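Okay, here's what each chain looks like letter by letter:
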Amino acid sequence: MNKPIIALITVFAAAGISVGVFLGFKNSKEKDDKKQAEIIADYNLLRFDSESINKIEFDCDEGRYAAELKEGVWSLTEGGEFPLDQTYFQLLCTYTSDLTADNSFDNSEPAKYGLDTPETVTLHSDSDSYKIYVGDISPTNDYYYITVEGKEKIYTVNSINGSVLKAEKMMLKSKDFVPYGNRGIENITVTRDGKQTYSVSYDKDGDTWYMSDKFDMLTFDVTSVSTMVSNIIRLSASIENMLDDELTDLSKYGFDKPTAEAVITGTDGTKCSFVFNENYDPKGEYVLAMEMNSRQVMKFSKSELYFINCTPIDFLLLYMPITDITKVREFEFSFEGGETEKYTMDVNADKASCIGKELDLSDGSMNITFRNFFNSFNTLKITAVDTSIAPPLENPILEVSYTLADGTTKTHHLTDAGDGNYYAFIDSKYCGALTDKTKVKGLNSIEDFHKQLLEAAGV
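Residues numbered from 1 in each chain as written. Predicted model: local features only at pLDDT ≥ 70, side-chain atom pairs only at ≥ 80, totals over all residues. Heavy atoms only, no water.

> Residue-level account of the sheet that holds strand β23 (residues 398–404), with values.
Within a sheet, adjacent strands bond to each other through the backbone by hydrogen bonds, running parallel or antiparallel. Overall, antiparallel pairing links the nine strands, which are arranged β20-β19-β18-β17-β23-β24-β25-β26-β22 in an open sheet. Here the strands that pair on one side only, and so sit at the sheet edges, are β20 (357–360) and β22 (384–385). The pairing of strand β17 (residues 328–335) with strand β18 (residues 341–346) spans four bridges and is classified as antiparallel. Residue E332 lies in a different strand from β18, and its bridge partner there is K342. In this fold helix α6 (residues 364–378) packs onto β17, β18, β19 (351–354), β20, β23 and β24 (409–418), with an angle of close to 65° to the strand it touches most, β17. (Pairing = 2+ DSSP bridges. Helix = DSSP H or I, 4+ residues; strand = E, 2+ residues; numbered from the N terminus. Contact = heavy atoms within 4.5 Å. Axes fitted to C-alpha atoms, helices over the stretch in contact; angles between N-to-C directions.)

> So, the layout of surface pockets: which residues are in play, and what are the values?
The volume enclosed by the largest pocket comes to roughly 530 Å³. Those elements that place two or more of their residues in the lining of the largest pocket are α2 (86–96), β13 (271–277) and β15 (296–301). For the lining of the largest pocket, the residue count by class is 10 nonpolar, seven polar and 10 charged. Space inside the second largest pocket adds up to approximately 250 Å³. Around the second largest pocket, the lining is made up of 16 residues, and of these T197, K214, F215, P312 and T387 lie nearest the centre. (1 Å grid on protein atoms, 1.4 Å probe; cavity = no way out; pocket = protein on both sides within 12 Å on 5 of 7 lines; lining within 4 Å. Points joined across faces, edges and corners; volume = space filled by probe spheres on them. Nonpolar A, V, L, I, M, F, W, Y, C, P; charged D, E, K, R; others polar.)

> Quick rundown of the sheet that holds β15? Include the residues and the values.
The strand order across the open sheet built from seven strands is β11-β10-β9-β12-β13-β14-β15, with neighbouring strands paired in antiparallel fashion. The open sheet has two free edges, formed respectively by β11 (208–210) and β15, since each of these has just one partner strand. The mean inter-strand angle of the sheet, taken between neighbouring strand axes irrespective of direction, is 20°. Pairing geometry for strand β10 (residues 195–203) and β11, over three bridges, is antiparallel. When the bridges of β11 are listed, Y202 appears paired with W209. Helix-sheet contacts for helix α5 (residues 222–233) involve β9 (185–192), β10, β11 and β12 (260–266), and the interaxial angle to β9 is about 90°.

> Can you explain the pattern of salt bridges? Please cite residues and give values.
Counted by the stated rule, this structure contains 21 salt bridges. E57 serves as the salt-bridge partner of K55, at 3.9 Å between the closest nitrogen and oxygen. Note on K55: relative accessible area 28%, which makes it partly exposed. Assessed through its relative accessible area of 15%, E57 is described here as buried. D59 is the partner of R64 in a salt bridge, and the nearest nitrogen-oxygen pair spans 3.0 Å. On the basis of relative accessible area, D59 is assigned to the partly exposed category, the value being 31%. (Salt bridge = Lys/Arg side-chain N within 4 Å of Asp/Glu carboxyl O. Buried < 20%, exposed > 50% of the residue type's maximum accessible area, 1.4 Å probe, protein only.)

> Requested: an account of the packing of aromatic side chains, with residues and values cited.
Across all of its chains, the model carries 33 aromatic pairs by this definition. Centre to centre, the rings of F331 and F373 are 6.3 Å apart; their planes meet at 45°, and the pair counts as tilted. Separated by 42 residues along the polypeptide, F331 in strand β17 and F373 in helix α6 bring together distant segments of the chain. Each member of the aromatic cluster is reached from another via a ring pair, and the members are F331, F333, F335, Y343, F373, F374, F377 and Y402. Looking at K299, its charged tip hangs above the ring of Y286, at a distance of 4.8 Å from the centre. (Phe/Tyr/Trp six-rings, centres within 6.5 Å; stacked < 30°, edge-to-face > 60°. Lys NZ or Arg CZ within 6 Å of the ring centre and 35° of its normal.)

None of the figures reported here should be taken as evidence of function without further support.
Next up, the structure:
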């Protein structure tokens, strides 16, 4: 046989061997791909539209519960009476609608995985139902053993996600501090030692918050209350901080001697009454709360429940002007029993007089000096609030009588309250607020700015 033919035969032979190897590899890969596809299909345990679910049944160690979705809200229909955790039910529907296993085992020993007497979760839509059998958590706590109706194997799912399948009452129950949403609270009243600390109320018509008329002469800080209410309606305990349910022995958590109490009234007329124990945690980081109707005990950080430590002063503007400086045309001023000094002013026209001497307020330095003096007594610096007393207007340390542009008058007095404090009077009536000695004497006080103005005016 000549060399070219031999070479050609060799090439074909080599090519034949390569084709055989390739075909063998291709067939093997197709088998592996098919096997992998079968595993993936097997691990895809459930597939459905999460929004189609409208009923869920739980058969767990605690008993049986059932819930139904009506008008977008999940409500308990079997197993007791308590509000449900809407987020939990949404999460459960979302997770199970795409339930995928991580691994699988033969189902010959179900007891080994806690699946001989499993808990069950059954989800229903209008046309279908999906039943999940839940066994034990793995020894390493990494995953749960489960199976689903229609499957023969035992599967594992990640324990973090799979924990939503391990239903119990505290898992199902709402963890919200109060059941009220935005603009759903009408009143908050806090008491300590049997005495009311404060009470704030919501005016639906005016869409604003207020305190009782005892504080009418002070400026209410609506923002501070709105912030507090927003915190309360968003307050929710973690499941590990949902402690005893339907507590009967109040002494177990010290609720027989609560450190504070609160009543939160909804705009729908319902009420949530709470008792608190701030001494439960030796480190002072946590506070226990119990709702008196449900006897549900919850644990929160001290900062989360800051509203029980508020006082009326927390809801007031601490620097409150007595009058509008632009509307004052004259005022009479007397300090520490000294002679009454008369001033005229029109800051809009850069005019003022100090005890008969004209002041040019267009001069920047004089303007600042005059305004500092005026604001030192015209701005009430509130350092304490006490509406339980009615002190007499006697021996005032400060007397100011204003005449406004429209001819009306206003007065402001400070009297000694002891301990370096002074009662504040507006129009001869105690306004419920006190100020301290830093307002009256010392650096940047009434006394200090008064001296500076007299010096600048050359009086």
